[in-house]
Amino acid sequence: MRLLLGSFLTFMVAAAIGLGSTWFALNRGVAFGAINIGAWSARPRTGTADIDPYARAGIARTGALPVGLGDGVSFIARRDDDGRALDGRCDTVLRGTTPQARYFTLTLYDPEGRLVANSIRRHGFTSQELVRNPDGSIDITIGPRARSGNWLPTGGVERYVLVMRFYDTPVGIATRTGRDAPMPSVQMSGRCS
Amino acid sequence: MIRWVLWILAGVLLGGIVHLATILLLPRTASQDAYARLSPVTPVNAFTLLPAPSPESTALPFMDPAFAVAVCRYDLTAGPMKLAVPVSPAYTSLTFYSRHGVAFYAVNDRSAGRRTIELDLMTTPQRNDLPEEEDVTAADRLIIEAPTVTGLIMARALSPEPGQMEQARRALQSAQCKPQ
């Protein structure tokens, strides 16, 4: 009887810990070899045959295909520089310089990777579309209401993520800090609708 | 008391094994991975232009809307494949994925040079079967070794401004992916 109870306890603990940690790893993300620059995070190795098992399980589950490292590098931001989750009802300003690349794109998705519906059907910018400051830096306002300059509409959704992809770029596995890859700052202002 | 602690400890250890096993086995059991999602809409061994992603529908999550995308679902069972993808004016890239979505090779128009990206795709045994002289004459032709017999090739052409999307899509329309 005691043996039965004991092994039952063991299996319950094993199932809870094993499956719980797998769920946690896939939903919250375990970032091996991630480059974190401000609010941005990239995992260049995910675009190679050396992809880690967690990223592998993640792409198999979501169906997303990673950007190959010979093509480019993809940075994702789910929070602003102060760690607040990006909220589509508030104005967020992206400001600064970008790493060297032939082209880059900025895209706004919902957390599941779908584009977000909005009145002007804009889902992002390419490096060529952005209006730049005289010193070459960029300012982009991301928010629910129309703005002058570079405005990326959020459609008023509660949660969104930003993805910046750099194509034909020296940024890669050797990149460690913001000095190699100067990413723009992400600041959510208090102005919410 | 000690006995119960030991039972729990055994559970923690077993839980670690369960965790590792599920992580490693998940790619083989996933029914909604990219290959499974694209199978109904893409024929084997030919490029198909994917519809542009929109808020209502997207072929795969996290697609870059600035790109025209064509997919070739390859099957090397019958033999190696030959690829020829014309370079679009702005930026073109080719990425090779295994059956489970691992990007094992990617190349862009800069490293490919010229006006088309030309490549051969084959499995390692098929490469070893190549006659020796042919291997030498094929030195100017890039050979990619695929880790799995089936998988996906994505040709992507950038449209730097919305008006150039048609041009990017047209370039990919003549992309070729066929058995040798």
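Residues numbered from 1 in each chain as written. Chains lettered and ligands numbered in written order. Predicted model: local features only at pLDDT ≥ 70, side-chain atom pairs only at ≥ 80, totals over all residues.

Further remarks concern the overall build of chain A. When helices and strands are counted, chain A shows two helices and ten strands. Each helix and strand of chain A, ordered N terminal to C terminal, gives the series α-β-β-α-β-β-β-β-β-β-β-β. Projected onto the principal axes, the alpha-carbon positions of chain A cover approximately 80 × 40 × 25 Å. Residue burial in chain A is summarised as follows: out of 193 residues, 36% are buried. Looking at chain A alone, contacts between residues at least 24 apart form 70% of all its contacts between residues at least 6 apart. (Helix = DSSP H or I, 4+ residues; strand = E, 2+ residues; numbered from the N terminus. Buried ≥ 20, exposed ≤ 12 C-beta atoms within 10 Å, placed from the backbone. Contact = placed C-beta atoms within 7 Å.)

Moving on, we get to the domain arrangement of chain A. Per the domain assignment, the segments of chain A are domain 1 (1–30) and domain 2 (35–192). Between the C-alpha centres of domain 1 of chain A and domain 2 of chain A the distance comes to 36 Å. (Domains from an automatic or database assignment.)

Along its sequence, chain B is carved into domain 1 (1–30) and domain 2 (40–179). Look at where the C-alpha atoms of domain 1 of chain B and domain 2 of chain B centre, and you get two points 40 Å apart.

Turning our eyes to something else, we now look at the pairing of strand S7 (residues 138–143) of chain A. In this structure, strand S4 (residues 90–96) of chain A lies alongside S7(A), joined through five bridges in antiparallel fashion. Its bridge partner lying in S7(A), Gly96(A) is registered against Ile138(A). (Pairing = 2+ DSSP bridges.)

What follows covers the interface of chain A and chain B. Taken together, the contact pairs 55 residues of chain A with 48 residues of chain B. Looking at the side of chain A that touches chain B, the elements with two or more residues in it are helix H1 (2–28), helix H2 (53–62), strand S5 (103–109), strand S6 (124–126) and strand S9 (161–167) of chain A. Take the side of chain A that touches chain B: its biggest share by element is 15 residues, from H1(A). The residue inventory of the side of chain A that touches chain B, partitioned by class, reads 28 nonpolar, 18 polar and nine charged. (Nonpolar A, V, L, I, M, F, W, Y, C, P; charged D, E, K, R; others polar.)

Another aspect to go through is the nonpolar core. All names here are of chain B. Ile153, Ala155 and Leu172 are the most contacted members of the largest nonpolar core, which has 86 residues in total. In terms of residue count, strand S2 (residues 67–75) provides more of this core than any other element does, seven residues in total. Once residues lying within four places of it in the same chain are set aside, the contact partners of isoleucine 153 are Cys72, Tyr74, Leu83, Leu94, Phe96 and Cys177. (Core = buried A, V, L, I, M, F, W, Y, C linked by C-beta atoms within 7 Å.)

A few words now on the pairing of S5(A). Residues and elements named next belong to chain A. In terms of burial, S5 is a largely internal element, six of the seven residues being buried. Pairing of S5 with S9, which is carried by seven bridges, proceeds in the antiparallel orientation. The residue of S9 that forms the bridge with phenylalanine 104 is phenylalanine 166. Both S5 and S6 contribute to a ladder of three bridges, which runs antiparallel. Each bridged residue has a counterpart across the sheet, and for threonine 107 the counterpart in S6 is glycine 124.

Two elements in contact, H2(A) and helix H1 (residues 2–29) of chain B, have axes separated by 8 Å at closest approach and are oriented at 35°. The handedness of the crossing between H2(A) and H1(B) is left-handed. Between H2(A) and H1(B), the residues in contact are Pro53(A), Tyr54(A), Arg56(A), Ala57(A), Ala60(A) and Arg61(A) and Ile23(B), Leu24(B), Leu26(B) and Pro27(B), respectively. Here the residues of the contact of H2(A) with H1(B) are counted per class, giving eight nonpolar, no polar and two charged. (Axes fitted to C-alpha atoms, helices over the stretch in contact; angles between N-to-C directions. Left-handed = near helix turned anticlockwise from the far one by under 90°.)

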